Structures are given as structure tokens and as C-alpha cells.
Amino acid sequence: MAGVGTPELAAAVSNAGGLGSLDAGYRSPQAFKELIETSRTLTSKPLMANFFVPQKVAVDEHKVDKMKGVLRQCLVEMGEDPSALDSVQVRVPKEKFEALIDVGVSQGIDIMSFTFGIPPADTLSRLQRAGVRVFGTATTVKEAIAVERAGCDGVVVQGSDAGSHRAFFLPCNVWPPLVGTFSLLSAVSARVRVPVVAAGGIMNGQGVAAALALGAAGVQMGTAFIPCPESAADTLWKQTVLNNPEYNSTVTNGFSGRYGRGVCNRYTELIAKMDVDIPDWMIQLQLYSVLKQIAKRKNNAAFQQLWCGQGSTLSRVMPAGELVRTLVQEYSQTVERLPSQL
């Protein structure tokens, strides 16, 4: 989950027996290299890194102008000068995907996961020759089958419960595809042979046990680690997640141009009501970042991007390593109780 990961968080998870993850997506190759180097000073255990598969992006000036109008309304509502957007010039970002991959390989990342699509065949082959295990991410059975057929070593199934960006990459007749974690897990487990990792709404050992019972080889958790002291989330984000009811999250493309699940607030409400086409992925991110920075400075949760999954009511505050050990204990206790409950 972008915005949460730190070397301290990843290392604590790995040192406790889990698999700590580092986010490459928004970082420069140099920043990613430094992130890995710092993490390696904190753990000798395996680490994973997550990458955004490149997307086709274009600047539509009409959409940009319309969105600036919406964001100006938000600034006025916040008591800020709407002219803050006047000088913003959006551009198609320079692609850095292969450079980030090179850093990951050179720094000995053990497992790489990909979202928003499947890495090119030559990239996938190069990674596997280097000994890297490659996982793709799927939000439908069709996507999971595509990930397996491409030759990936495993698939992460991302249910609609999950916080942050939706990983979808193949068209379907319902958009965006929103299949619950356990429904998707059951269906995918019956259709693919590669290991399946469940993601979305899993917050405790009971959830881990349920996922494994439905065919998962492991679980991927994000929201559960937001309140941890090692997390990069600020105090406002952490407190919002800890106090957020399970129903108070929504899927919106108003933050970055791609759909993602986050806390319902005034901004997501306005975006849902506005009859406006959202600019492309990364273009919208550049526009919204102006509002985000101001809202963050003012500690204003109403207009901030606060990624959060639907399991937020089960969030708890504890160090990441302790959380991993607690999850293992809860899982063991759940499995031990099952025979007497059946």
C-alpha cells in the first residue's frame, strides 16, 4: 500500500517470520535503491517489492480544465485560495518501470509482485532467470488465469474489500470489477494451479485461517499494518483508520485517476456527485496533489486521500513484529478450535 511502507515496517515483518514488502511504484530508481539498502541494514530475511505495470496515459486538456474547476471548489470550501491550481501544468510522467526492475534485481529483491497488469514476457523471463519469484495481481478469475498463463509463479487475488488501488487490468462488463475477497479466492483457487495469495479485508488470524481453508497459500495484508508505529502513515491517517466503521469506505478514481478504496469523506462525496470525467491515471494524481498537500498541512481529513480496506474496525495498535506474531497465534488457536466446533 503506497504511502505506508518503510524499511522499518518491512524489516519488522520479515524478522517476525512474515514477508515484508517495499513499494516501488511512485519512487525514483535512486530512492528505491536507498529504500532497499536501508531495509537490508535492518534484516537479512527475504523481502518483496511491488511494482506498477506501465499504463497508457494521455493529457486531455478538457478533462484537466473541468477537474481544476472541481478542485477549486474544494479549495474554496477549505477556506483556501482557488488560484493555487492556476499554475499547475500536468504532463505524462517519464516511464521508469525497467529502471526500477533493474534496481530490484541488483539489490537482491527475492519476490516481485506486479499490479495493474502483467509484466512484459521478456521482463518476466529475465526476473525468473535471476531467481526472482514473480507474482501478478488479479481482481477477477479471468485476470488470474491470464497471470498463470503468462508464466508467473503465483497470483495475488485482490478482493473488493482491499484498501488502496484496484489492480484490475482486463475489461469486463461491470466496471470497476468488485468481487469480494473470499468469493474471488474460492473461484480462482478452483481454476489455477499456481499458489494463490488472498488480499482484502484480512485483519486477524481468524481471517488468515478462513483464507487458507478456501485455498490460499498465504495472505497479503495492508490496512492491518497502517496503525503500526513503523508505518509511514501520519497520525491523522492512523486515527481515522482505527475509528472508521466497516461501511465507511468507498471506491473512487478521484485521487489518482485509477479506482481505489479509501475512507469516505467530503472529497469522495463531491467527486461522486460531480458530473465530470476524471483525467487519466497519474494526470489526476498531479492535479489532486495540490489539494492533498494543503489538506495535509491543515490536518484536514475531509479532503485527504486516506486508503483503507473494509476490515478497518478490526485495526489495532501494536508494533509490526508483534502483530505478525499475534496473527500466527490467533491462526493456531482458530485451527485448534475447529474440530470441536464442527
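Everything in this summary refers to the structure shown in the same document. (Residues numbered from 1 in each chain as written. Predicted model: local features only at pLDDT ≥ 70, side-chain atom pairs only at ≥ 80, totals over all residues. Heavy atoms only, no water.)

Some points on the overall build of the chain
Point 1. Check the secondary structure of the chain and you find 12 helices and 10 strands.
Point 2. A globule of 342 residues ought to have a C-alpha radius of gyration of about 20 Å, and the chain, at 20 Å, matches this closely.
Point 3. By principal-axis analysis of the C-alpha atoms, the chain measures approximately 60 × 45 × 45 Å.
Point 4. Going through the 342 residues of the chain one by one, you find that 51% of them count as buried.
Point 5. Sequence separation of at least 24 residues holds for 69% of the intrachain contacts in the chain that already meet a minimum separation of 6.
Point 6. Surface summary for the chain: the accessible area is close to 15100 Å², and the carbon and sulfur share equals 52%.
Point 7. Treating the 32 positive side-chain charges of the chain as one cloud and the 30 negative ones as another, the clouds have centres 3 Å apart. (Helix = DSSP H or I, 4+ residues; strand = E, 2+ residues; numbered from the N terminus. Rg over C-alpha atoms; globule rule 2.2 N^0.38 Å. Buried < 20%, exposed > 50% of the residue type's maximum accessible area, 1.4 Å probe, protein only. Contact = heavy atoms within 4.5 Å. Areas by Shrake-Rupley, 256 points an atom, 1.4 Å probe, with all protein chains shown as cover. Lys, Arg positive; Asp, Glu negative; His and termini not counted. Charge placed at Lys NZ, Arg CZ, Asp CG, Glu CD.)

Some details on the pairing of strand 1 (residues 20–23)
Point 1. As judged from the four bridges shared by strand 1 and strand 2 (residues 47–52), these two strands associate in the parallel manner. Looking across to strand 2, one finds that aspartate 23 is bridged to asparagine 50.
Point 2. Note on the crossover from strand 1 through helix 2 (residues 29–40) to strand 2: the handedness is right-handed. (Pairing = 2+ DSSP bridges. Right-handed = clockwise from strand over helix to strand, strands pointing away.)

Remarks on the packing of aromatic side chains
Point 1. Scanning all chains against the criterion turns up 14 aromatic pairs.
Point 2. On the numbers, 6.4 Å between centres and 55° between planes, the contact of phenylalanine 168 with tyrosine 259 is tilted. Note that phenylalanine 168 is positioned in the loop between strand 6 (164–165) and helix 7 (181–189) and tyrosine 259 in the loop between strand 9 (249–252) and strand 10 (260–263), a separation of 91 residues in sequence.
Point 3. Among the residues examined, phenylalanine 168 registers a relative accessible area of 7% and is labelled buried.
Point 4. A ring pair is formed by phenylalanine 255 and tyrosine 288, whose centres lie 5.1 Å apart and whose planes are at 65°; its orientation type is edge-to-face. Here tyrosine 288 lies in helix 11 (residues 283–297) and phenylalanine 255 lies in the loop between strand 9 and strand 10, a separation of 33 residues in the sequence. In terms of burial, phenylalanine 255 and tyrosine 288 fall into one category: buried.
Point 5. Of the aromatic side chains, those joined through ring pairs into one cluster are Tyr26, Phe52, Phe116 and Trp281.
Point 6. One residue, arginine 258, lies across the ring of phenylalanine 116, its end atom 3.9 Å from the ring centre.
Point 7. Between the NZ or CZ atom of arginine 258 and the centre of the ring of phenylalanine 168, over which it lies, the distance is 4.5 Å. (Phe/Tyr/Trp six-rings, centres within 6.5 Å; stacked < 30°, edge-to-face > 60°. Lys NZ or Arg CZ within 6 Å of the ring centre and 35° of its normal.)

Quick word on the sheet that holds strand 5 (residues 154–158)
Point 1. Spatial strand order, 1-2-3-4-5-7-8: seven strands in an open sheet with parallel pairing. Of all strands in the sheet, those with a lone pairing partner are strand 1 and strand 8 (218–220), marking the two edges. Direction aside, neighbouring strands of the sheet carry axes that sit 30° apart on average.
Point 2. As defined by bridge partners, strand 2 adjoins strand 3 (residues 111–115) across five bridges and the pair is classed as parallel. Bridge pairing links asparagine 50 to serine 113 in strand 3. (Axes fitted to C-alpha atoms, helices over the stretch in contact; angles between N-to-C directions.)

A short note on the sheet that holds strand 9
Point 1. Strand order across the open sheet formed by three strands is 6-10-9, with antiparallel pairing between neighbours. Strand pairing shows two members of the sheet lacking a second neighbour, strand 6 and strand 9, which therefore form its edges.
Point 2. Pairing of strand 9 with strand 10 involves four bridges; the strand directions are antiparallel. Looking at strand 10, one finds that valine 251 is bridged to arginine 261.

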